[in-house]
Amino acid sequence: MRAARRTTLTGLALVTAAAGLAALPPDAEAASPAPTLTTAAPDIDVARVQAHLTELNAIASRNGGNRRSTGQGYRDSVAYVKGRLQAAGYTVTEQACTSGCTRGAGPNLIAEWPYGDASKVYMFGAHLDGVSAGPGINDNGSGSATLLEVALKLAETRPSMAARVRFGWWTDEEQGLNGSDFYVRSLTSAQRSAIKAYYNFDMVASPNGGYFINHINSTAAAPMKAYWDSLSLRPEENTEGAGRSDDYSFEAYGIPTSGYAMGASARKTSTQAAKWGGTAGAAYDRCYHSSCDTTTNINATGLNRSADGVAYTLWQQAVSATALNRAPR
Ligand code: DTR
Ligand code: ZN
Ligand code: ZN
């Protein structure tokens, strides 16, 4: 769903590739229109993100009520995300976590959009596992479903790429950031230095949430912040989540990181309630790590603003206005 007031940024970003077009007389252009290239980020339909959440909730229900990394609920979550990506044309890799993970944990899932300069990789990640207590829909179906829908939108849009985009869905985060740590540890130093930024999405639809950005004043965070600033959301630093999610695995190796979050068990201050609405003195997510973290534990407005900002950031970092490096249609 298109958020109000996003026209400012899309208007600025809309670029028609003029190369070759300017020399043509208007009638020749009309007779044989060159393909219009645009760098404007697409709108992400929040209803489609919510449909993925409904699937993840159903997967938990069929598997003892959770999607913990060692259970069938996690393996079915991997199969769901993988199947949707493959149907859209991605080559998807399951990476077994062979050290540092809980015994029996399922794999990480990695998908790269294989166009653009391979020496510049922008990664977008979310943990796909949950805790044992419940279905894990805000934590972290929200981040997982957001990335799935953005990846599908990228494959559908097929823009010209300046850089590579790689998506990661991590296993065993809830037991200590283990899947993402294994992934980064397994890369060569050359592969690590090719990653120009890693963006993390963990709890992006908290019902009483706020608008938090990891390393909000960093270069990597600039497009994330620009998008939420364009909606006048006045985002703040994600202090509650610092060092507590998979971005930390990348940060530990010196890779620039950022991401969105809407908050966990910490309580909203009165200042925050005054600027964002919601209930002062109550947790951002009262169902954090509980059985009530179901599809009803989702703030659709926050989810929509997060998903559109992920797409905006991806397009800013990796999409090009030239006709190069474009997937065939
Ligand atoms: N999502 C949590 C980690 C966490 C704790 N507080 C915050 C705040 C904002 C984002 C994430 C977190 C977990 O995976 O348990
Ligand atoms: Zn989480
Ligand atoms: Zn958690």
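Above this text you will find the structure in question.
Below is a summary of the structure that appears in this document. Because the structure is a prediction, the values reported are computed rather than measured. (Residues numbered from 1 in each chain as written. Chains lettered and ligands numbered in written order. Predicted model: local features only at pLDDT ≥ 70, side-chain atom pairs only at ≥ 80, totals over all residues. Heavy atoms only, no water.)

## Description of the coordination of the zinc ion (ligand 3)
Then step 1. Within the protein, the atoms that donate to the zinc ion (ligand 3) are Asp139 (OD), Glu174 (OE), Glu174 (OE) and His289 (NE2), at distances of 2.0 to 2.4 Å.
Then step 2. Its 6 donor atoms give the zinc ion (ligand 3) angles of 52 to 155° at the centre, a pattern that matches the irregular case.
Then step 3. Each donor residue of the zinc ion (ligand 3) lies on the same chain, and together they follow the pattern D-x34-E-x114-H.
Then step 4. The metal-metal distance between the zinc ion (ligand 3) and the zinc ion (ligand 2) is 3.5 Å, with Asp139 coordinating both. Here Asp139, found in helix α5 (residues 137–157), pairs with Glu174, found in the loop between β4 (163–170) and α6 (178–186); they are 35 residues apart in sequence, far enough to count as distant.
Then step 5. A residue is classified by how much of its surface remains accessible, and Asp139, at 4% relative accessible area, is buried.
Then step 6. The class of Glu174 is buried, set by a relative accessible area of 18%. (Donors = N, O, S within 2.8 Å, 3.2 Å for Na, K, Ca; no water. Tetrahedral: all angles 85-135°; square planar, octahedral: opposite > 155°, others 65-115°. Helix = DSSP H or I, 4+ residues; strand = E, 2+ residues; numbered from the N terminus. Buried < 20%, exposed > 50% of the residue type's maximum accessible area, 1.4 Å probe, protein only.)

## Some details on the pairing of strand β3 (residues 117–127)
Then step 1. Summarising the sheet, β3 and β4 pair through 8 bridges and their orientation is parallel. Looking at β4, one finds that Met123 is bridged to Arg166.
Then step 2. Two strands pair when backbone bridges link them, and β3 and strand β5 (residues 195–201) are joined in this way by 5 bridges, in the parallel orientation. Bridge pairing in β5 links Met123 to Tyr198. (Pairing = 2+ DSSP bridges.)

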